[in-house]
Amino acid sequence: MQTLEKANAIVNTIKNNIEKIGRQLRIIEVCGTHTVSIYRNGFHTLFKGYIDFISGPGCPVCVTHEGYIDNLIELAKMNYTIYTFGDLLKVPGKSMSLAEAKAEGAKIKIMYSPVDAAENIAEDEEAIIAAVGFETTVPAFALSLEKVLEKGLKNVKFACELKTIDQPLKVLLKDHIKVDGLILPGHVATILGVDGFRFVEEFKLPSVISGFEKYDILLSLLSLTQSILNNDFTVKNEYKRVVKKEGNTVAKRYIERFFERTDAYFRGLGLIEGGGLRLKSEYSAFSVQLKYEYESLSNSACRCTDVLTGKLKPFECPLFEKVCTPQTPKGACMVSQEGSCNAYFRFGKWK
Ligand code: SF4
C-alpha cells in the first residue's frame, strides 16, 4: 500500500473507532511540540467533530511566571550577564521583556546550550544561566554545572525555574480538566521512560507516548482510540524507536546527582508541590535566590491561564490576533513557538 493510502486507512480506522465510542473525544496533548505538529499537519480540521484537541501545560515558556523574567532583568541591572535560551526573550515581564531590557543595554546573551554557555563564560564575567525547562532539558543544565565545577568557575550561578511533568499532570487531571485520553510527551519520556508515566494509569485514562511526525501522531491516535474502546488504561508507547521502558538511565543519574524536588509555580495551575527542581544544597553556592509574588500576573486581559487548563481555545481570547500576535505577544502562550496561541496563529484554520 502507498504511503497516502496507508495514512487514509489509519484515519478511517480512527474515525470508525470514535464512531463506535459514540461521542467526540477530548484528547489532551501534554507537550507543546505535539500542539505544533497537530496544527501544522491539520489534524484539528481532519478530525473536526471527532476529536477536540486540548493543549496541556508542557510548554516550559508558557508556564513560566512573569516574575521570573522580572528577576532576571533585575539581576541584569545589577551587572550580571544573563545567559538564556532565545525563546524566553520576548516573554512579557511586568514592565518589559528580556529583549527590551537587552535593547536598553542589559547584558543578556542567547545560549545555544547550557554546556556551551559554561564553556564560554569569561573568567571576569559574573554570569547567570537561566535554567528553564522540563526533564528533557534538565540533564543539559546538570552537564553545564559539571563543566563549571571542572573548570573551577566561581563566577557562574543558575537561576532555576525547572519543572517536572508528573506533578502538574496529576493536578490538571485531578482538579482542572476532564479528558478521554492523553498524548504523552515523547521528549520527556525519552528521559523518564514509559515507567515515568505509569502514574497516569491510576487516573483510569488511556494514554500513549508519541513521537512528533505526522505518522507518529496518527499511530498514537489509533492506539489511543483502541485503548478507549477497550477500557485499556495501560500506558502505550508509540515512540519505541526512541523511548525505552526505563528511559535514559545516564541522564536520570545526572538529574539525581545535581537536583532535588521543590515546589514550583505553573501559570494556570498555581503553586504545585514537588512540581519543580532546584540545585541540591551542596551546590547552593551556584544557585540564585529568586523572589516573586505568585499571584501577580500583570496582564489580566491575557487568558493564558484558561488556555493552559483547556477552558478556552486561543481564538476565544479577545486579544487573539487583534492585539496579540507572535510579533506583539501579550502572553507567554503566544511567545513560544510551542505555545498553543502561537500554534493556532500560525497553523490553525480556526474560523
Ligand atoms: S491570545 Fe495572547 S493574550 Fe490571549 S491568551 Fe493567548 S497569549 Fe494570552
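Up top is the structure these notes are about.
Nothing here was measured: the structure is a model prediction, and the numbers come from that model.

(A) Local environment of empty space enclosed by the protein. For the coordinates displayed, the defined rule picks out two cavities of 30 Å³ or more. Around the largest cavity sit Cys302, Arg303, Cys304, Val307, Cys317, Leu319, Phe320, Cys324, Lys330, Gly331, Met334 and Cys341, which together line it. The class makeup of the residues in the lining of the largest cavity is nine nonpolar, one polar and two charged. Taken as a whole, the second largest cavity spans an internal volume of roughly 60 Å³. In this structure, the second largest cavity is lined by 13 residues; those nearest its centre are Ser55, Gly56, Cys59, Glu338 and Ser340. Here the lining of the second largest cavity is composed, by residue class, of five nonpolar, six polar and two charged.

(B) Fine view of the sheet that holds strand S11 (residues 270–279). Judged by pairing direction, the sheet is mixed, and its six strands sit side by side in the order S4-S3-S5-S6-S11-S10 without closing on themselves. Only two strands of the sheet have a single neighbouring strand rather than two, namely strand S4 (108–110) and strand S10 (259–266). Here the average twist between neighbouring strands, direction ignored, is 25°. Bridge analysis of strand S3 (residues 81–84) against strand S5 (residues 127–133) gives three bridges, and the strand direction is parallel. Following the sheet pairing, Thr81 is matched in S5 by Ala127. Its contacts with the sheet place helix H8 (residues 166–176) against S10 and S11, and it is angled at close to 175° to S11. Sheet contacts for helix H11 (residues 249–258): S10 and S11; angle to S10, the most-contacted strand, approximately 85°.

(C) View of the sheet that holds strand S1 (residues 25–29). Overall, parallel pairing links the five strands, which are arranged S2-S1-S7-S8-S9 in an open sheet. Single-partner strands in this sheet number two, and they are strand S2 (51–55) and strand S9 (235–237). This sheet shows a mean twist of 25° between the axes of neighbouring strands, independent of strand direction. Pairing analysis gives three bridges linking S1 to strand S7 (residues 181–185), with the strands arranged parallel. Residue pairing for S7: Ile28 is matched across the bridge by Leu182.

(D) Fine view of the layout of surface pockets. Its volume calculated, the largest pocket comes out at about 590 Å³. Surrounding the largest pocket, 30 residues form its lining, Pro60, Val61, Asp87, Thr137 and Glu338 being those nearest its centre. Counting only elements with at least two residues in the lining of the largest pocket, the list comes to S5, helix H9 (186–192) and helix H13 (332–335). Here the element with the most residues in the lining of the largest pocket is S5; it accounts for three residues. Of the residues in the lining of the largest pocket, the class split is 16 nonpolar, eleven polar and three charged. A volume near 480 Å³ is recorded for the second largest pocket. In this structure, the second largest pocket is lined by 23 residues; those nearest its centre are Cys160, Thr262, Asp263, Arg278 and Leu290. Elements supplying a minimum of two residues to the lining of the second largest pocket: strand S6 (156–163), S10 and S11. Here the lining of the second largest pocket gets five residues from one element, more than from any other, and that element is S10.

(E) Highlighting the environment of Gly133. Relative to the helices and strands, Gly133 resides in strand S5. With 147 residues separating them along the chain, Gly133 and Lys280 place their C-alpha atoms 17 Å apart. With sequence-adjacent residues up to four places away left out, Gly133 is seen in contact with Pro60, Glu161, Leu162 and Lys163.

(F) The arrangement of unusual backbone geometry in detail. If you check the backbone angles, Asn231 has positive phi at about 50° while not being a glycine. Its location among the elements puts Asn231 in the loop between helix H10 (214–229) and S9. On the basis of relative accessible area, Asn231 is assigned to the exposed category, the value being 56%. Phi is positive for Glu321, close to 70°, though the residue is something other than glycine. Following the sequence through the fold, Glu321 ends up in the loop between helix H12 (304–308) and H13. With a relative accessible area of 36%, Glu321 lands in the partly exposed category.

(G) Region of interest: the packing of aromatic side chains. Inspection of the entire model under this criterion finds ten aromatic pairs. Judged by centre distance (6.4 Å) and plane angle (50°), the ring pair of Phe134 and Phe266 falls under tilted. In this pair, Phe134 is assigned in the loop between S5 and helix H7 (138–151) and Phe266 in strand S10, connecting sequence segments 132 residues apart. Exposure remark for Phe266: the relative accessible area of 0% places this residue in the buried category. Through a chain of ring-to-ring contacts, the aromatic side chains of Tyr39, Phe315 and Tyr344 assemble into a single cluster. In this arrangement the basic side chain of Lys163 is found over the ring face of Phe266, its NZ or CZ atom lying 5.2 Å from the centre. Sitting over the ring of Phe199, Lys170 keeps its end group 5.3 Å from the ring centre.

Definitions and limits used
- Residues numbered from 1 in each chain as written.
- Predicted model: local features only at pLDDT ≥ 70, side-chain atom pairs only at ≥ 80, totals over all residues.
- Heavy atoms only, no water.
- 1 Å grid on protein atoms, 1.4 Å probe; cavity = no way out; pocket = protein on both sides within 12 Å on 5 of 7 lines; lining within 4 Å.
- Points joined across faces, edges and corners; volume = space filled by probe spheres on them.
- Nonpolar A, V, L, I, M, F, W, Y, C, P; charged D, E, K, R; others polar.
- Pairing = 2+ DSSP bridges.
- Helix = DSSP H or I, 4+ residues; strand = E, 2+ residues; numbered from the N terminus.
- Axes fitted to C-alpha atoms, helices over the stretch in contact; angles between N-to-C directions.
- Contact = heavy atoms within 4.5 Å.
- Buried < 20%, exposed > 50% of the residue type's maximum accessible area, 1.4 Å probe, protein only.
- Phe/Tyr/Trp six-rings, centres within 6.5 Å; stacked < 30°, edge-to-face > 60°.
- Lys NZ or Arg CZ within 6 Å of the ring centre and 35° of its normal.

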